[in-house]
Amino acid sequence: MRLGLVALLCFFSAVPLCDCTPPTCYSRALSLSSEIMTLLDKIHTFHRTKACAEVLPVIHIDVHNACISNKLRDLLYVVLNHPSQSCREKPRMVLLKRKVQNLYTIVTRICYRDLVFFTDDCEAIDTGRSSPNLGEDRLQLLQEDR
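In this text, all values refer to a predicted model and were calculated from it rather than measured experimentally. (Residues numbered from 1 in each chain as written. Predicted model: local features only at pLDDT ≥ 70, side-chain atom pairs only at ≥ 80, totals over all residues. Heavy atoms only, no water.)

Focus: the overall build of the protein chain
Spelled out, the test is: In this text, helices come from DSSP runs of H or I with a minimum length of four residues, and strands from runs of E with a minimum of two, each type numbered from the N-terminal end. Here, residues are in contact when the closest pair of their heavy atoms is within 4.5 Å. Areas reported as accessible are Shrake-Rupley estimates using a 1.4 Å probe. Residue values count occlusion only from the protein chains shown.
Per the secondary structure count, the protein chain includes seven helices and zero strands. Starting at the N terminus and walking to the C terminus, you meet the elements of the protein chain as α-α-α-α-α-α-α. Taking all contacts inside the protein chain whose residues are at least 6 apart in sequence as the whole, residues at least 24 apart take part in 68%. If you sum the accessible surface of the protein chain, you get close to 10,900 Å²; carbon and sulfur atoms cover 56% of it.

Written out as structure tokens, the structure reads:
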């Protein structure tokens, strides 16, 4: 009896505690977008991939922006058709290609109806700064009649 208890205790101490909930489309899209941004930062700063990064467009990935699929498609096109063959074969560029392909597939096919887009500011993806354009159709103006 005691041996079984010790074995059970050893088993549960050796098993790492993990997140019990499976990833959703939204959580996977968020995690992939942050992974891509981190990888792009590494590519732009690492001395072996700096020359490869000169061709890549500046992108600030926001999965809540309706323009994300177009911008991801453009980034994927540039990564797949990089002018330098040696850049296409670098491990970080191959990893970037895989992650962008996965996120593009998630956004356009797998989670097409699940994602909610809060904005359609395509310039925000290029610059990283969102400028809310609130038109009269979105913002109801209250005026008092006198």
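That covers the picture; the talk isn't over yet.
Structural notes on helix H4 (residues 68-80)
Let me state the cut-off plainly: Helices are assigned an expected span. That span is 1.5 Å times one less than the residue count.
When the terminal C-alpha atoms of H4 are compared, their 18 Å separation across 13 residues agrees well with the 18 Å that a helix rising 1.5 Å per residue should span. Against the buried residues of H4 lie helix H5 (85-88), helix H6 (91-110) and helix H7 (122-127).

Some thoughts on the confidence of the model for the protein chain
Put simply, the test is: Each residue gets a pLDDT score, which is the predictor's confidence in that residue and runs from 0 to 100.
Scored by pLDDT, the protein chain has a mean of 80; 73% of the residues are at 70 or more. Taken as a whole, residues 135-142 scores under 50 in pLDDT and shows four contacts with residues more than four places along the chain or in a different chain.

Focus on the nonpolar core
The test is simple: In this text, buried Ala, Val, Leu, Ile, Met, Phe, Trp, Tyr and Cys residues form a nonpolar core when linked through side-chain atoms within 4.5 Å. The buried label applies to any residue whose accessible area, calculated with a 1.4 Å probe on protein chains only, is under 20% of its type's maximum; exposed applies above 50%, and partly exposed to all values in between.
Membership of the largest hydrophobic core comes to 28 residues, with the highest contact counts inside it found for Ile 36, Ile 43, Leu 56, Ile 61, Leu 96, Val 100 and Leu 103. Contact partners of Val 100, with chain neighbours within four places excluded, come to Ile 36, Leu 72, Leu 75 and Leu 76.

Thoughts on the pattern of salt bridges
Put simply, the rule reads: Salt-bridge detection follows one rule: a side-chain nitrogen of Lys or Arg within 4 Å of a carboxyl oxygen of Asp or Glu.
Applying the stated criterion across every chain, the model contains two salt bridges. As a salt-bridge pair, Arg 28 and Glu 35 come within 3.9 Å of each other at their nearest N and O atoms. Here Lys 99 makes a salt bridge to Glu 35, at a shortest N to O gap of 2.5 Å. On the criterion of sequence distance, the pair formed by Lys 99 in helix H6 and Glu 35 in helix H2 (residues 25-45) is long-range, its members being 64 residues apart. Note on Glu 35: relative accessible area 29%, which makes it partly exposed.

A closer look at the environment of Asn 65
Test applied: Whenever a nitrogen or oxygen atom comes within 3.5 Å of another N or O atom, the pair is scored as a polar contact, on the condition that within protein one atom can donate a hydrogen and the other can accept it, and that pairs from neighbouring residues in sequence are kept only if both atoms are in side chains.
Here Asn 65 shows up in the loop between helix H3 (50-53) and H4. The spacing of Asn 65 and Phe 118 is 53 residues in sequence and 6.1 Å in space, taken between C-alpha atoms. Within the structure, Asn 65 has its side chain in polar contact with the backbone nitrogen of Cys 67 (distance 3.1 Å).

Some thoughts on the packing of aromatic side chains
Keep this limit in mind: The criterion for an aromatic pair is that two Phe, Tyr or Trp rings (for Trp, the six-membered ring) have centres within 6.5 Å, with stacked assigned to planes under 30 degrees apart, edge-to-face to planes over 60 apart and tilted to the rest. By the criterion adopted, a ring carries a charge over it if an Arg CZ or a Lys NZ lies within 6 Å of its centre and within 35 degrees of its normal.
Using the criterion set out here, one finds zero aromatic pairs in the structure. The ring centre of Phe 46 lies 4.4 Å from the NZ or CZ of Arg 92, which sits over that ring.

Section: the side chain of Asn 65
On the basis of relative accessible area, Asn 65 is assigned to the buried category, the value being 1%. Dropping the residues within four chain positions of it, Asn 65 is found in contact with Phe 117, Thr 119, Asp 120, Asp 121, Cys 122, Ala 124 and Ile 125.

Let's talk about H2
Using the following cut-off: Regarding the arc, it is the one traced by the directions from the helix axis to the C-beta atoms.
With 21 residues, H2 extends 30 Å between its outermost C-alpha atoms, agreeing within 8% with the 30 Å of an ideal straight helix rising 1.5 Å per residue. For H2, the full list of buried residues reads Ala 29, Leu 32, Ser 33, Ile 36, Leu 39, Leu 40 and Ile 43. In a view along the axis of H2, the buried residues occupy a sector of 135°, so they form one face of it. Turning to H2, the residues buried within the fold contact H3 and H6.

Describing the packing of H4 against H6
For clarity, the threshold we go by: Here the axes come from fitting lines to C-alpha atoms, over the contacting stretch only for helices, and the angles between their N-to-C directions go from 0 to 180 degrees. Oblique is the label for any angle not covered by the other classes, which are roughly parallel (under 35 degrees), roughly antiparallel (over 145) and roughly perpendicular (65 to 115). Left-handed describes a crossing whose near helix is turned anticlockwise from the far helix through less than a right angle; right-handed describes the clockwise counterpart. Residues are grouped as follows: Ala, Val, Leu, Ile, Met, Phe, Trp, Tyr, Cys and Pro are nonpolar; Asp, Glu, Lys and Arg are charged; every other residue, Gly included, is polar.
Two numbers describe how H4 lies on H6: the axes approach to 10 Å, and their chain directions differ by 150°. When the interaxial angle is binned, H4 and H6 end up roughly antiparallel. Helix-helix and strand crossings are classified by hand; for H4 and H6 the assignment is left-handed. Together, Ile 68, Ser 69, Leu 72, Arg 73, Leu 75, Leu 76, Val 79 and Leu 80 of H4 and Met 93, Leu 96, Lys 97, Val 100, Gln 101, Leu 103, Tyr 104, Val 107 and Thr 108 of H6 make up the contact between the two elements. Considering only residue class, the contact of H4 with H6 consists of twelve nonpolar, three polar and two charged.

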